[in-house]
Amino acid sequence: MNTSLPKVLVVDAEVASKVPLEACFRNRAEILFIDTLEIAETFLKPDLAAIAIGAFVTYAPGREPKTLSLIRKFRSSFQGPIIGMSVISDYRKAFKTAGCSQVCERTQLPQVL
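Residues numbered from 1 in each chain as written. Predicted model: local features only at pLDDT ≥ 70, side-chain atom pairs only at ≥ 80, totals over all residues. Heavy atoms only, no water.

### Section: the layout of surface pockets
The volume enclosed by the largest pocket comes to roughly 180 Å³. Taken together, 14 residues make up the lining of the largest pocket; nearest its centre are A55, V57, M85, S86 and R106. When its residues are assigned to classes, the lining of the largest pocket shows 9 nonpolar, 2 polar and 3 charged. (1 Å grid on protein atoms, 1.4 Å probe; cavity = no way out; pocket = protein on both sides within 12 Å on 5 of 7 lines; lining within 4 Å. Points joined across faces, edges and corners; volume = space filled by probe spheres on them. Nonpolar A, V, L, I, M, F, W, Y, C, P; charged D, E, K, R; others polar.)

Below, the structure is given as structure tokens:
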């Protein structure tokens, strides 16, 4: 672990995305991966360069992402970029309204960061 690399917090229930993200950002960023909302709510470090967060919900019409309140909480004390990740355009709109500075599909995260 190289402590001089920028730290990116990734909050995502899709654990399978952890290894590809770590490989993609090797030698460019340290990925801190959290896959539960309970842990994520207590994890906000001042040295983070960015936060990426998923929806934590199976899509159904009218259902909102479970992470909207977490995004608002992070935004209240974190001034860096918060990126909302979802393939669902309605969720990406909800992320922007909740305080995300950028939105994308999970597969686009390396380009956004």
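### Some words on helix 4 (residues 89–98)
For helix 4, the complete set of buried residues consists of Y91, A94, F95 and A98. Take helix 4 and look down its axis: the buried residues cluster within an arc of 105°, on one side only. Turned more than 90 degrees away from the buried face of helix 4 sit K93 and T97, all of them exposed. Among the structural elements, strand 3 (48–53), helix 3 (68–77), strand 4 (82–85) and strand 5 (102–104) are those in contact with the buried residues of helix 4. Downstream of helix 4 by a residue or two, G99 has a phi angle that is positive, lying close to 130°. (Buried < 20%, exposed > 50% of the residue type's maximum accessible area, 1.4 Å probe, protein only. Helix = DSSP H or I, 4+ residues; strand = E, 2+ residues; numbered from the N terminus. Arc of directions from axis to C-beta. Contact = heavy atoms within 4.5 Å.)

### Re the sheet that holds strand 3
Strand order in the open sheet formed by 5 strands is 2-1-3-4-5, with parallel pairing between adjacent strands. Looking at the sheet topology across the chains shown, the edges are occupied by strand 2 (30–34) and strand 5. The mean angle between the axes of side-by-side strands here comes to 20°, regardless of whether they run parallel or antiparallel. On the sheet, helix 4 packs against strand 3, strand 4 and strand 5 and is oriented at approximately 165° with respect to strand 5. (Pairing = 2+ DSSP bridges. Axes fitted to C-alpha atoms, helices over the stretch in contact; angles between N-to-C directions.)

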